[in-house]
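Listed below, chain by chain, are the residues.
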Amino acid sequence: MSQLVEETLFDLLSQVRTGDSISPNQVAKAIDAVNWRRELPKVRAVIIGLARQGRLDVLRKGKPIEPEGFKGVYRVRLAQRETQSV
């Protein structure tokens, strides 16, 4: 099941502009439009795992946060690597 969540997540992220984010609700609804709320814990677990791997950024109020112990409304985007100018 986590493979389906991951595939759906990256598919949805591929459809937004670079740097834009999506909500976990969008992922859950894409998996199961009727019972999407049941999918949210699975979606959150996959998001946290991918954020720990550095593949996603978890955002609150548009700013990246640590993927541990956050509460409330959040969004996700592909990880943004900070580039350093020389």
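As the structure is a prediction and not an experimental result, all values here were calculated from the model.

**A short note on the nonpolar core**
Counting 20 residues, the largest nonpolar core has Leu-9, Ile-22, Val-27, Val-43, Ile-47, Val-58 and Val-76 as its most contacted members. Those elements giving two or more residues to this core turn out to be α1 (2-14), α2 (24-31), α3 (36-52) and β1 (56-60). Per-element accounting of this core gives the leading share, seven residues, to α3. Apart from residues no more than four positions distant in its own chain, Val-76 is found in contact with Leu-9, Leu-13, Asp-20, Ser-21, Ile-22, Ile-47, Asp-57 and Val-58.

**A closer look at the pairing of β1**
A large share of β1 lies buried, amounting to four of its five residues. Across four bridges, β1 lies against strand β3 (residues 75-78) in antiparallel orientation. Across the sheet, residue Leu-59 finds its bridge partner in β3, namely Arg-75. Pairing analysis gives three bridges linking β1 to strand β2 (residues 63-65), with the strands arranged antiparallel.

Cut-offs used in this document
- Residues numbered from 1 in each chain as written.
- Predicted model: local features only at pLDDT ≥ 70, side-chain atom pairs only at ≥ 80, totals over all residues.
- Heavy atoms only, no water.
- Core = buried A, V, L, I, M, F, W, Y, C linked by side-chain atoms within 4.5 Å.
- Buried < 20%, exposed > 50% of the residue type's maximum accessible area, 1.4 Å probe, protein only.
- Helix = DSSP H or I, 4+ residues; strand = E, 2+ residues; numbered from the N terminus.
- Contact = heavy atoms within 4.5 Å.
- Pairing = 2+ DSSP bridges.

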